[in-house]
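A structural walkthrough
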Protein chains: 2
Amino acid sequence: MNASPSCPGRIYGLGLGPGDPDLMSLRAHRLLTGARNVAYFRKAGRRGQARKIVEGLIPEGAREIPLEYPVTTEIPVTDPRYNACLAAFYAEASARLEGISRHGEDVVVLCEGDPFFYGSFMHLHARLRKRVPVEVVPAITGMSGAWTATGIPVTWGDDVLTVLMGTLSEEDLVRRMSDTDALVVMKIGRNFDKVRRALRAAGLFDRAWLIEYAQMPGQTVMPLAQAGARVAPYFSIIVVHGQGRRP
Amino acid sequence: MNASPSCPGRIYGLGLGPGDPDLMSLRAHRLLTGARNVAYFRKAGRRGQARKIVEGLIPEGAREIPLEYPVTTEIPVTDPRYNACLAAFYAEASARLEGISRHGEDVVVLCEGDPFFYGSFMHLHARLRKRVPVEVVPAITGMSGAWTATGIPVTWGDDVLTVLMGTLSEEDLVRRMSDTDALVVMKIGRNFDKVRRALRAAGLFDRAWLIEYAQMPGQTVMPLAQAGARVAPYFSIIVVHGQGRRP
């Protein structure tokens, strides 16, 4: 292990799915339970959601590599310091994983949901993909976990599905919500009131469902109209089901 | 087995994912390999895509229940006969599965992709869910298999994702394509030329990728501009990746 072998190890962006380890793919499970190096993002001082999902599945003796965000919501994303701070973090994390790869070892990077769908791993992927072998294992998205939890199909026939982040402006939310058949809203958290107002303005409020912790312990599913003054956690997703053609 | 027991069996909408059996969830795999009754849709005279995915995984002695579409593309979906014909088919298929359930046996219904995302199982679910226990196992969507195959993340930061069916009017396609960050187009097949014209009109043609048979044997991935006069098969998906915020 002192000399770097000529063949670098592979870095896997390992999609874990929405939260229930039973919804992990066979491939993800096999790679995880055979891993020697397991990296995951987390907020400093926290356990980390991805790490929680795989509790009991990391092999004994595997090295754990927590990648701790220097900042999450303390600085607004519009502040240039936010980007600078995160760019330095991703560069450092990428260098660390590249170092392990250059020693000939594989690393799995745990990803909540699907790695290429609004995931943090994408920022490592962008930095590493031309330097060492990187492979992405797709997974069930959080939104799929959420609409499945409602017990109602999300899209029928020719339905248009729009996926919106709660971080958009209220005006943009209203305009886009008013022009779709089926709707998913993510990144709710502190945007909850704005998202609710937009749903009302778009006439979708009474058809909207709120799913908290989809496919995780503590999952709750309710029509949004019944959510009252509830504070939606970060992992909340809002779904409005399409009403398209059905024989 | 002559008298119906008081406890009906459960009908599972079993999401198989995009095509590679290795991308099936642990839960789907366990339910499938323990199944006594395995139902799946197919076109008469064909093997059926869902059935192909699980080749070698159905336990010996399990009963196979092919549900054969009476019509697929022979009648336009706008013709009232199309709806009538399919409604009768789904009613009959539901009655058949309900009969097995009432004998106290579980049935798994194989679903390509995610069952609640533009899936045929939804039509059985709508008919069965108030009559017998029905459970849906979510899965990796075909579109997730497709964007993963391109090796490029599909959505970043606050990107808006729009999912469109190629069956929409050209005018509607152009308008919606012109107003999104990331785009997925499904149901291409005989709509391929129209979809291409719409992508050109929306200025997205040069950023679009064509994925055929994502995560299946015979997968091809190419920039749409290189597809030439190719005829896209039914399982094609077009992806335009978002360009959102990235530190």
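Scroll up to find the structure.
Here is a short report on the structure shown in this document. (Residues numbered from 1 in each chain as written. Chains lettered and ligands numbered in written order. Predicted model: local features only at pLDDT ≥ 70, side-chain atom pairs only at ≥ 80, totals over all residues.)

With respect to the pairing of strand 8 (residues 208-212) of chain A
Residues and elements named next belong to chain A. In plain terms, the rule: Our exposure labels follow a C-beta count within 10 Å of each residue's own C-beta, placed from the backbone: buried means 20 or more other C-beta atoms, exposed means 12 or fewer, and partly exposed covers the counts in between. The helix and strand labels rest on DSSP assignments: H or I over at least four residues marks a helix, E over at least two residues marks a strand, and numbering proceeds from the N terminus. Strands are labelled as partners when DSSP assigns at least two bridges between them.
Of all 5 residues making up strand 8, 5 are buried, and the element is well covered by its neighbours. Burial of strand 8 is two-sided: the residues Ala 208, Leu 210 and Glu 212 facing one way and the residues Trp 209 and Ile 211 facing the other way are all buried. Of the strand pairs in this sheet, strand 8 and strand 10 (residues 237-240) are connected by 4 bridges, and their pairing is antiparallel. Residue pairing for strand 10: Leu 210 is matched across the bridge by Ile 238. One ladder, built from 4 bridges, connects strand 8 with strand 9 (residues 220-223); its direction is antiparallel. For Leu 210, the partnering residue across the bridge sits in strand 9 and is Met 222.

Thoughts on the pairing of strand 6 (residues 161-165) of chain B
Regular strands show a simple pattern: their side chains alternate between the two faces of the sheet. Put simply, the rule reads: The handedness rule is simple: strands pointing away from the viewer, and a clockwise path from the first strand over the helix to the second, make the crossover right-handed.
Along strand 6 of chain B, 5 of the 5 residues are buried, which leaves the element largely enclosed by surrounding structure. Here strand 6 of chain B shows two buried faces, one formed by Leu161(B), Val163(B) and Met165(B) and the other by Thr162(B) and Leu164(B). Both strand 6 (residues 161-165) of chain A and strand 6 of chain B contribute to a ladder of 3 bridges, which runs antiparallel. By the bridge assignment, Val163(A) is partnered in strand 6 of chain B with Leu161(B). By the bridge criterion, 5 bridges tie strand 6 of chain B to strand 7 (residues 182-186) of chain B in an arrangement that is parallel. Paired with Met165(B) across the strands is Met186(B), a residue of strand 7 of chain B. In this view, the connection linking strand 6 of chain B to its parallel neighbour strand 7 of chain B by way of helix 6 (residues 170-177) of chain B has right-handed handedness.

A word on unusual backbone geometry
Of note in the backbone geometry, Lys187(A) takes a positive phi value of approximately 50° without being a glycine. Note that Lys187(A) resides in the loop between strand 7 (182-186) and helix 7 (192-201).

Concerning the interface of chain B and chain A
Defined as follows: Our contact criterion uses C-beta atoms placed from the backbone: two residues qualify when those atoms are within 7 Å. When residues are grouped by polarity, Ala, Val, Leu, Ile, Met, Phe, Trp, Tyr, Cys and Pro land in nonpolar, Asp, Glu, Lys and Arg in charged, and all others, Gly among them, in polar.
The partner chain A presents 44 residues to the 44 residues of chain B that form the contact. Sorting the residues of the side of chain B that touches chain A by element identifies helix 1 (26-33), helix 3 (80-102), helix 4 (121-128), helix 5 (142-150) and strand 6 of chain B as the ones contributing at least two each. Of the residues contributing to the side of chain B that touches chain A, the split by class is 26 nonpolar, 12 polar and 6 charged.

Some points on the sheet that holds strand 1 (residues 11-15) of chain B
Residues and elements named next belong to chain B. Our working definition: The angle between two axes is taken between their N-to-C directions and runs from 0 to 180 degrees, where each axis is a line fitted to C-alpha atoms and a helix contributes only its stretch in contact.
Ordered in space as 3-2-4-1-5, the 5 strands form an open sheet in which the pairing is parallel. Every interior strand has two partners, whereas the edge strands, strand 3 (63-69) and strand 5 (134-137), have only one. Neighbour-to-neighbour, the strand axes of the sheet open up by a mean angle of 25°, direction not taken into account. Of the strand pairs in this sheet, strand 2 (residues 37-43) and strand 3 are connected by 7 bridges, and their pairing is parallel. Counterpart to Ala 39 in the pairing with strand 3 is Ile 65. In the packing of helix 3 onto the sheet, the strands contacted are strand 1, strand 2, strand 3 and strand 4 (107-111), and the crossing angle to strand 4 comes to about 145°.

Here we look at the packing of helix 6 of chain B against helix 7 (residues 192-201) of chain B
The angle between the axes and the distance between the axes are what describe a pair of packed helices. All names here are of chain B. So the rule is basically this: The labels follow the angle: roughly parallel below 35 degrees, roughly antiparallel above 145, roughly perpendicular from 65 to 115, and oblique for the rest. It is the rotation of the near helix from the far one that decides the hand of a crossing: anticlockwise by less than a right angle makes it left-handed, clockwise makes it right-handed.
Closest axis-to-axis distance for the helix 6/helix 7 pair is 8 Å, and the angle between their directions is 40°. As the angle between them shows, helix 6 and helix 7 are arranged oblique. Crossing angle aside, the handedness with which helix 6 passes helix 7 is right-handed. Along the contact surface, helix 6 presents Glu 170, Leu 173, Val 174 and Met 177, while helix 7 presents Lys 194, Val 195, Arg 197, Ala 198, Leu 199 and Ala 201. Of the residues contributing to the contact of helix 6 with helix 7, the split by class is 7 nonpolar, no polar and 3 charged.

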